Structures are given as structure tokens and as C-alpha cells.
Amino acid sequence: MPRRYWLMKCEPSSYTIDDLQRDKTTSWEGVRNYQARNIMRDEMQEGDGVLFYASNADPSGVTGLATIVRAGYPDHFAWRKGHAYFDKAGSKDMPVWFMVDIGFVERFPAVVSLETLKANSGLEHMTVTQKGSRLSVQPCTRAEYDIVVKLGRAG
């Protein structure tokens, strides 16, 4: 079993669980929030479990599972002039932004909607269910992860 558990948000216009299933692995780059950066840089480890969350979707919710396949490393797009993720504050010698790689595990038969997450006992303290929660990379407990997996597999 994974050591830690995370929920990672992505807008379907950028990347989906189907894209991850096709690609098998991908880098999770372009995160430009310091709290999320710190989680990816300092806490995420290979083998950790990920709830893949489609944000700004209809409905928004968990669409499947992934795993961390490479722990945090510098986001090299940050120092590529002209790239959408370029940030002049960082460099190869002094990186500011970090990313992780994730691998596909499972696609759920149906989305576990935010509404469903909010309605289920045991998920009331989950970060994503809190009002105003916008962080794209969030920790969750093993118990929360297990509840969402059960809901997802029930379809």
C-alpha cells in the first residue's frame, strides 16, 4: 500500500484520466502555488497514492487513481524562456518550482462527484470538501482515500 495519499486536481481541458491511461505516465508540471510546490518537493514520494480529480468539470470530481512514480524534482519548464510555465525567478542552479511524475492506476466507471464526496460520512474533513478549497495538490488520509476508492469502484 502507498505510504501517503493525495488528491491532485486538473482541468479536463488540460489533461484527463483518459490521457493518463493512454500515456501511462506524465509529469505534473506547471504548478505555481507555493504550498502545492512544497508538498510536491518535500512530501510526495514514489509509491504514494493519488486521487485524480477533474476540476471545473461537469461534474467535478475524482475520475480515477494514479501513483507517484517519481518524487519531486525541479520543474525545468520554469526556466525555458517562451514556455507557458516560464518564471524568471528560477534557474537550474536555484529552482523555484518543482514537479512530480504520476502513473496511471485505474479509471473509475463514473465520476465520484464533489457533491457525492460532501455527502459521504468520513469525508467531511477532506480538504476538497471544504468551502473555498482551491489548492491543486492536497493531502488526504488513508481512510478518506479508501472511502473514495470504494465509491469510485461502485460506479
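Not measured: the values here are computed from a predicted model. (Residues numbered from 1 in each chain as written. Predicted model: local features only at pLDDT ≥ 70, side-chain atom pairs only at ≥ 80, totals over all residues. Heavy atoms only, no water.)

Asks: What's the story with the state of the cysteines in this structure? I'm lost.
Replies: Linking two cysteines covalently via their sulfur atoms produces the bond known as a disulfide. In the structure shown here, the tally under the stated rule is zero disulfides. Not part of a disulfide, C10 finds its nearest cysteine sulfur in C140, a span of 17 Å. Accessibility expressed as a relative area gives 13% for C10, which makes it buried. A residue is classified by how much of its surface remains accessible, and C140, at 10% relative accessible area, is buried. (Disulfide = S-S within 2.5 Å. Buried < 20%, exposed > 50% of the residue type's maximum accessible area, 1.4 Å probe, protein only.)

Asks: Even after reading the chapter, I still don't get the side chain of T129, so can you show me in this structure?
Replies: Counting through the fold element by element, T129 comes out in the loop between α3 (114-119) and β6 (137-140). By relative accessible area, which is 11% here, T129 ends up buried. Within polar-contact distance, the side chain of T129 engages the side chain of Q130 at 3.2 Å. (Helix = DSSP H or I, 4+ residues; strand = E, 2+ residues; numbered from the N terminus. Polar contact = N/O pair within 3.5 Å; in protein donor to acceptor, adjacent residues only side chain to side chain.)

Asks: Just to check I follow, could you spell out unusual backbone geometry for this structure?
Replies: The phi torsion of most residues other than glycine is negative, and most of the peptide bonds are trans. Geometrically, the link from D58 to P59 is a cis peptide bond, its omega value of 5 degrees lying close to zero. In this structure, K24 is a non-glycine residue whose phi angle is positive, near 75 degrees. The topology assignment puts K24 in the loop between α1 (17-23) and β2 (25-28). At N56, a residue that is not glycine, the phi angle is positive and equals roughly 50 degrees.

Asks: Could you clarify how one ought to interpret the environment of E144 in this entry?
Replies: Mapped onto the secondary structure, E144 falls in helix α4 (residues 142-154). Taking the C-alpha atoms as reference points, E144 and T67, separated by 77 residues in sequence, lie 16 Å from one another. Leaving out residues up to four positions away in the same chain, E144 has contacts with G122, L123, H125 and M126. (Contact = heavy atoms within 4.5 Å.)

Asks: Looking at this structure, how should I read the pattern of salt bridges?
Replies: Close approach of charged atoms allows side chains with opposite charge to pair. One pass over the full model with this rule turns up eight salt bridges. Across the pair R41 and D42 runs a salt bridge, and its minimum N-O distance is 2.7 Å. What makes R41 partly exposed here is its relative accessible area of 31%. With a closest N to O distance of 2.8 Å, R153 and E106 form a salt bridge. Here E106 lies in strand β5 (residues 98-113) and R153 lies in helix α4, a separation of 47 residues in the sequence. By relative accessible area, E106 is classed as buried at 18%. One network of salt bridges, with partners in common, ties together D19, R22 and D23. (Salt bridge = Lys/Arg side-chain N within 4 Å of Asp/Glu carboxyl O.)

Asks: It is not clear to me how α4 should be interpreted in this structure. Could you clarify?
Replies: An ideal rise of 1.5 Å per residue puts 18 Å on 13 residues; α4 measures up with 18 Å between its terminal C-alpha atoms. All buried positions along α4 are accounted for by E144, Y145, V148, V149 and G152. All buried residues of α4 fall inside an arc of 135 degrees around its axis, so they share one side. For α4, exposure combined with an orientation more than 90 degrees from the buried face picks out K150, R153 and A154. Against β1 (5-10), β3 (49-54), β4 (61-74), β5, α3 and β6 lie the buried residues of α4. Of the residues trailing α4, G155 is marked for its positive phi of about 60 degrees. (Expected span 1.5 Å × (residues − 1). Arc of directions from axis to C-beta.)

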